[in-house]
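# Structure assessment
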Amino acid sequence: MLPALFVYDENFSQYRFSADHPFNPRRLAATHDLLTTLGWLTADQTAAPDKADHALLELAHSPYYIDLVERLSDTGRRTFGIERLGLGTEDNPVFEGMHDAASLAVGGTVKAAQAIVDGVTNRALNLSGGLHHAGQGHASGFCIYNDVVTAARWIRRKTGWRVLYVETDAHHGDGVQDAFYDDPDVFFLSLHESGRYLFPGTGSLEQIGGGSARGTTLNIPLEPATDDHSWLDAYTRIVPEVMRRFRPDIVISQHGCDGHYWDPLADMCATTAFYHQVPALMSRWVDEYARGRWIATGGGGYQLVQVVPRSWTHLLAVASGEPIDPAVLVPEAWRALAAEADVFFDFDWRDPDAMPDSSPGLRWVQATSAGIGGFMRRAGSWPASGHW
C-alpha cells in the first residue's frame, strides 16, 4: 500500500478566471515545482484524475445548473440573469472551458476517494480541491463545483462510511455545511475567521445541524488577528474530541492557507508553523480515530509563491510520513524559480520573525488596538443531543 497518493494534472492550470483574478493556478504549479525539486513525487506516488461526469456532479449539483455551466463554458460569455446563480460576477466570472476545468478539480478529489476505497492507499491529496463554497445550484467564492460534497457523497454511496469533514480555511465552507446540515452520517467541523467580518458571513456557533443531524455541524468562528497559538488551541481542544465521539470511517480535510498573515483576502495571523502543525496533528488523529483513512484537499490561499507552496508541501510531507525539518533549507533551485517570477523569497520553512506592515491581520490589530493573541468564541458546552 502506498504511504500517500498525490493527485495532479497539469490541466488543473485551466481553472483560471482571468489574469488578474486572485484565484490563480500558479500556486499549484509552484507547489508542484517545489515538491518535484525536493524529489518527492515519484511516478507511483502520483495519479492523474478523470473529469467528473454528469452523474458524479449530480451528487452535489442540480442537472440544470450543470447544464448551464457547460453551455456558458462553450463561449466564455455571460448571459442575462446568471448573476442570480453566482456566475458572471466579480468573484466568479465566466470563462471558456470553465466546466471542464471545474469538473477536473472535482475528479481529483473523487480520484483520491477511489484510491482509498480500493485499498491503494489510506491517504490521498488533491490540492486543486477544497472548493467548499459552491452550492447545489449556484457558484460562490471562486467555486464553480463542490468537490468535497461530491466525494463525500460518493464515499457514502459506495461504502456507507461515516465521514468527518474538517477545515481550517479562513473562510467558512458554507457549501459543504449546507449539503450535510441534515445528514447525521457526515460531520462538518470548521475553524474559520468569524463571518461577522469575512465572506461568506456564515458559520456561527448557533448552526449545529438540523433534525436527526442536530449536533453534527460545529463551527468555531475566530476573531480577526487570531495567531498560531490561539488557532491551534481551538484545534487541539476540539478536533480530537469530535473524532473520539463521532468515530468517522474516513476524514476529508480542507487546508486553505489564507489565514496566513501575508494573505490579502483575510485578517488572520497564522504562520507556516500553523500549517505544519495542523496536518501533523491530523495525521496522528486519523490513525487513532478514523482507521487511518484521510483525504486532504487544498482550498484558499492567495499569496501564491511566498506562502502556498511551503504550506502545502508541509501537508504532503506529513501525509507521506516524512515531515520536513524546519531547519532544512528551501532548495536553491526552487528559490531560482521564484526569482524568475520576480517574487521576493529570502527565507526558508519558517517565516520571518517580524510581521510585515502589509499584513492584513496586523492592520486589524493596529486599527482596533487589540492584542495579536486573538481568542476563540467558545460554545458554553457540547451539544446535548446529536451523533458523535
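Residues numbered from 1 in each chain as written. Predicted model: local features only at pLDDT ≥ 70, side-chain atom pairs only at ≥ 80, totals over all residues. Heavy atoms only, no water.

Here the focus is the overall build of the protein chain. The helix and strand inventory of the protein chain stands at 11 helices and eight strands. Put simply, the protein chain has 388 residues, and 60% of those count as buried. Long-range pairs, those at least 24 residues apart, make up 77% of the contacts in the protein chain with a sequence separation of at least 6. As displayed, the protein chain has an accessible area near 15,000 Å², and 49% of this comes from carbon and sulfur atoms. (Helix = DSSP H or I, 4+ residues; strand = E, 2+ residues; numbered from the N terminus. Buried < 20%, exposed > 50% of the residue type's maximum accessible area, 1.4 Å probe, protein only. Contact = heavy atoms within 4.5 Å. Areas by Shrake-Rupley, 256 points an atom, 1.4 Å probe, with all protein chains shown as cover.)

Attention shifts here to the sheet that holds strand S2 (residues 46–47). In space, the eight strands of this open sheet follow the order S2-S1-S3-S8-S7-S4-S5-S6, with parallel pairing throughout. At either end of the open sheet lies a strand with only one pairing partner, and these are S2 and strand S6 (217–222). Relative to strand S8 (residues 294–297), strand S3 (residues 123–126) runs parallel, the two being bridged by four bridges. Residue pairing across strands places Arg123 opposite Trp294, the latter belonging to S8. (Pairing = 2+ DSSP bridges.)

Within the largest apolar cluster, 56 residues are counted, with the highest numbers of intra-cluster contacts made by Tyr15, Leu87, Ile144, Tyr145 and Ile155. At 10 residues, the largest contribution of residues to this core is made by helix H4 (residues 98–117). Setting aside chain neighbours within four positions, we find Ile155 in contact with Ala113, Gly160, Trp161, Val163, Ile250, Ile252 and Ile295. (Core = buried A, V, L, I, M, F, W, Y, C linked by side-chain atoms within 4.5 Å.)

What follows deals with the side chain of Thr271. For Thr271, the location among the structural elements is in the loop between strand S7 (250–254) and helix H8 (272–289). Thr271 gets classed as buried once you look at its relative accessible area, which sits at 18%. Discounting residues that sit within four places of it in the chain, Thr271 has contacts with Asp228, His260, Tyr261 and Asp351.

As a further point, take the packing of aromatic side chains. For the coordinates displayed, the defined rule picks out 16 aromatic pairs. On the numbers, 6.4 Å between centres and 50° between planes, the contact of Tyr15 with Phe95 is tilted. A residue pair is termed long-range when its members are at least 10 positions apart, and Tyr15 in the loop between strand S1 (5–7) and helix H1 (26–37) and Phe95 in the loop between helix H3 (63–75) and H4 qualify at 80 residues. You can call Tyr15 buried: its relative accessible area is 5%. Given a relative accessible area of 7%, Phe95 falls into the buried group. Every member of this aromatic cluster is reached through a ring pair, and the members are Tyr15, Phe17, Phe23, Phe95, Phe142 and Tyr302. The cationic tip of Arg27 hangs over the ring face of Phe23; the distance from NZ or CZ to the ring centre is 4.6 Å. A cation sits over an aromatic face here: Arg162 above Phe246, 4.0 Å from the ring centre. (Phe/Tyr/Trp six-rings, centres within 6.5 Å; stacked < 30°, edge-to-face > 60°. Lys NZ or Arg CZ within 6 Å of the ring centre and 35° of its normal.)

To continue, consider H8. The end-to-end C-alpha separation of H8 is 26 Å, in line with the 26 Å expected for 18 residues at 1.5 Å each. For H8, the secondary structure elements touched by its buried residues are S3, strand S4 (163–167), helix H7 (228–246), S7, S8 and helix H9 (308–319). Phi turns positive one or two residues past the end of H8, at Arg291, with a value near 60°. (Expected span 1.5 Å × (residues − 1).)

To continue, consider unusual backbone geometry. With an omega of 5°, the peptide bond between Phe199 and Pro200 qualifies as cis. Of note in the backbone geometry, Phe142 takes a positive phi value of approximately 75° without being a glycine. Topologically, Phe142 is positioned in the loop between S3 and helix H5 (147–159). The backbone phi angle of Arg247 is positive, close to 55°, even though this residue is not glycine.

Counting buried positions along S4 yields five of five residues, so the element is predominantly enclosed. Burial along S4 is two-sided: the residues Val163, Tyr165 and Glu167 and Leu164 and Val166 are all buried. Pairing geometry for S4 and strand S5 (residues 186–193), over five bridges, is parallel. By the bridge assignment for S5, Leu164 is matched with Phe187. Handedness of the crossover joining S4 and S5 through helix H6 (residues 174–180): right-handed. For S4 and S7, the ladder comprises five bridges, and the chain directions are parallel. (Right-handed = clockwise from strand over helix to strand, strands pointing away.)

Per-residue confidence for the protein chain averages 90 on the pLDDT scale, and 87% of its residues sit at or above 70. In the model, residues 368–388 has pLDDT below 50 throughout and makes 55 contacts with residues more than four positions away in sequence or in other chains. (pLDDT = per-residue confidence, 0-100.)

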